[in-house]
Amino acid sequence: IGAFDEQAARYHTEVYKKKRAAFIQVLDGELHAVFLNQVKNALTLAAETFANQGQRALEEEDVEPTNKGFNEIVGAVRRQVTKRFNATVEALTIPEASWTFASEITQLDMMLEATTAKLRKAEMERVVQKIRRETRDLITETISDHLSNPDDGMWAGVMAGFDSACVRADAQMVERMNAAGVETSARPLLGRKLHQALWEDVVEALREEVADQMVLLKLRTALEDRFRYDEAGLPRVWRPSDDIDSQFAAARSAAQSLLPMFSKIDIRESIKLRNPSEFFPSGFDFTRTLVLISPARGREVGKRFGREADALYLEAKRSMVATQSQIPVWMIALVVFLGWNEAMTIIFNPLYLVLVVMLGGTAFVIHNLGLWGPVMRAANGAMGVANDRVHNLLVEAVNRTEPAAAPATLKNRRVNGSGSGGLARKGSSRQLRRDGSGVSRSGSS
């Protein structure tokens, strides 16, 4: 404007004023457009900065708690962002211009409020997951304890543990919602979502406990507790006079009665689940989660348990040992009659007596110390060493005799060959002399 005034002052006053007003209007429009563009960029940057810094501050609070609530943490970040935005906009404003940024401040507040709502929602989801993790271990331990010792009060104990866990989780949830400034209208829905998460953890833990192998193990344990042990918890030793069939039938029937108990969750003893429609969110199929073992799967598990129970029964039948209180008198008399002479020989012979006493004492000490295993291993080792030694001696003896026999055989062959050759040579010389004398006589004649 100063440059315009300096160059346009030489023109007519009215023309100058009119042109100056038009120039200022054009310049104001151009600068206002630039101003609005920069303010919009500042709004976007402020909203992104608030979301990122707010999220980071909440995560740091989870890692290192400082006992600050959601409103305090997010409010501090919001004040910093608003202050930085105001400073930016004020720096963009031209003093002579009639621009205002009240609408941009209102727009920023709306954007920060929407971001705060998103952060609050994400924070509540993290709170639900955190409470869920803290409660899952307690619920899982309670379920494992009650299902490992099944009885008529099994489901009552499981439901009591679930109710107490819900009470504890609800108290933590209310405290965190108060700190986050959650609206009253949104609190029931958050509580129902938490209840749904806790119940899903309960169902998951129960399904793990009633897997096929786990159910078979529980049924077999119940059968063995009733069949192999008496009321005092002592192992039973079956005798031929015992009614093992009726005992086994009763134990098997009691064990099989546990299978329907494991098949479905009994919620009659639960206080929290008396009205599931108010306890869980709408649309949650609560009835479907109550069935743990389907009828088809239950029949298959029952068949497998029946086969294992029959194997246990046959094992007990085969291990049955007849026991008597005393040895018959006739057996004692027969042993004394047949072994009288041998007993007298051992008793009245000092050598035999000392030998029997030494062997008996050694066997008594080994038996009381439980050393039969090491003794047998040592004996087997000594026998193996002796066997190897005898085998090596026999091999050496055979190797020494075979080379001596070979030269003798060769010598015999040479003697036999030389004798036959000499006889042949003697016979041929005699024939030559005989032939020579004949030739001489014929010549003289």
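One can find the structure itself at the top, above this paragraph.
The model shown is predicted, which means the values in this text are computed figures rather than measured ones. (Residues numbered from 1 in each chain as written. Predicted model: local features only at pLDDT ≥ 70, side-chain atom pairs only at ≥ 80, totals over all residues. Heavy atoms only, no water.)

Describing the overall build of the protein chain
Broken down by element type, the protein chain carries 15 helices and zero strands. A total of 445 residues make up the protein chain; the buried ones form 26% of that total. When contacts within the protein chain are restricted to residue pairs at least 6 apart in sequence, those whose partners lie at least 24 apart make up 77%. (Helix = DSSP H or I, 4+ residues; strand = E, 2+ residues; numbered from the N terminus. Buried < 20%, exposed > 50% of the residue type's maximum accessible area, 1.4 Å probe, protein only. Contact = heavy atoms within 4.5 Å.)

Remarks on the pattern of salt bridges
Any two side chains of opposite charge can pair if their charged atoms end up close together. The final tally for this structure, using the stated rule, is 14 salt bridges. Two residues, Arg 126 and Glu 123, come together in a salt bridge whose shortest N-O distance is 2.4 Å. Taken together, the positions of Arg 126 and Glu 123, both in helix α4 (residues 102-148) and three residues apart, correspond to about one turn of that helix. The salt bridge involving Arg 132 is made with Glu 200; its shortest N-O contact spans 3.6 Å. (Salt bridge = Lys/Arg side-chain N within 4 Å of Asp/Glu carboxyl O.)

Brief notes about the packing of helix α7 (residues 212-227) against helix α11 (residues 295-318)
With their axes 10 Å apart at the nearest point, α7 and α11 run at an angle of 35 degrees to one another. The element α7 and its partner α11 pack so that their crossing is right-handed. Contacts between α7 and α11 involve Asp 212, Gln 213, Val 215, Leu 216, Leu 219, Arg 220, Leu 223, Glu 224 and Phe 227 from the first element and Arg 297, Val 301, Arg 304, Phe 305, Glu 308, Ala 309, Leu 312 and Ala 316 from the second. Across the contact of α7 with α11, the residue classes tally to 10 nonpolar, one polar and six charged. (Axes fitted to C-alpha atoms, helices over the stretch in contact; angles between N-to-C directions. Left-handed = near helix turned anticlockwise from the far one by under 90°. Nonpolar A, V, L, I, M, F, W, Y, C, P; charged D, E, K, R; others polar.)

Re the side chain of Ser 270
Note on placement: Ser 270 falls in the loop between α9 (258-263) and α10 (276-279). The class for Ser 270 is buried, based on a relative accessible area of 0%. A polar atom in the side chain of Ser 270 sits 3.5 Å from the backbone nitrogen of Lys 272. Here Leu 273 takes part through its backbone nitrogen, which lies 3.3 Å from a polar atom of the side chain of Ser 270. (Polar contact = N/O pair within 3.5 Å; in protein donor to acceptor, adjacent residues only side chain to side chain.)

Looking at a nonpolar patch on the surface
On the surface, Ile 327, Trp 330, Met 331, Ile 332, Leu 334, Val 335, Val 336, Phe 337, Leu 338 and Trp 340 cluster together to form a nonpolar patch covering roughly 1100 Å² of accessible area. It is helix α12 (residues 329-338) that contributes the most residues to the nonpolar patch, eight residues altogether. Checked against the element boundaries, Met 331 lands in helix α12. Residue Met 331 is classed as partly exposed on the basis of its relative accessible area, which comes to 33%. (Patch = residues over 30% accessible without salt bridge, like charges linked within 9 Å, V, L, I, M, F, W, Y side chains within 5 Å. Areas by Shrake-Rupley, 256 points an atom, 1.4 Å probe, with all protein chains shown as cover.)

Some words on the side chain of Asp 201
Structurally, Asp 201 can be placed in helix α6 (residues 187-209). Asp 201 sits in the buried class, given a relative accessible area of 4%. Within the structure, Asp 201 has its side chain in polar contact with the side chain of Arg 132 (distance 2.9 Å). In this structure Asp 201 touches Arg 132 and Arg 136, once residues within four positions along its chain are discounted.

Observations concerning the packing of aromatic side chains
Each aromatic ring pair is described using two quantities: the centre-to-centre distance and the angle formed by the ring planes. Scanning the model with the defined rule gives nine aromatic pairs in all. An angle of 55 degrees between the planes, with centres 6.3 Å apart, marks the rings of Trp 199 and Phe 280 as tilted. On the criterion of sequence distance, the pair formed by Trp 199 in helix α6 and Phe 280 in the loop between α10 and α11 is long-range, its members being 81 residues apart. Take Trp 199 and Phe 280: they sit in the same class, and that class is buried. Where Phe 280 meets Phe 286, the ring centres are 5.2 Å apart and the plane angle is 25 degrees; that geometry is what we call stacked. What makes Phe 280 buried here is its relative accessible area of 2%. According to the relative accessible area criterion, Phe 286 is buried, its value standing at 9%. An aromatic cluster is present here, built from Phe 162, Trp 199, Phe 279, Phe 280, Phe 284 and Phe 286 joined pairwise through their rings. (Phe/Tyr/Trp six-rings, centres within 6.5 Å; stacked < 30°, edge-to-face > 60°.)

Limitation: the analysis is restricted to geometry and does not speak to function.
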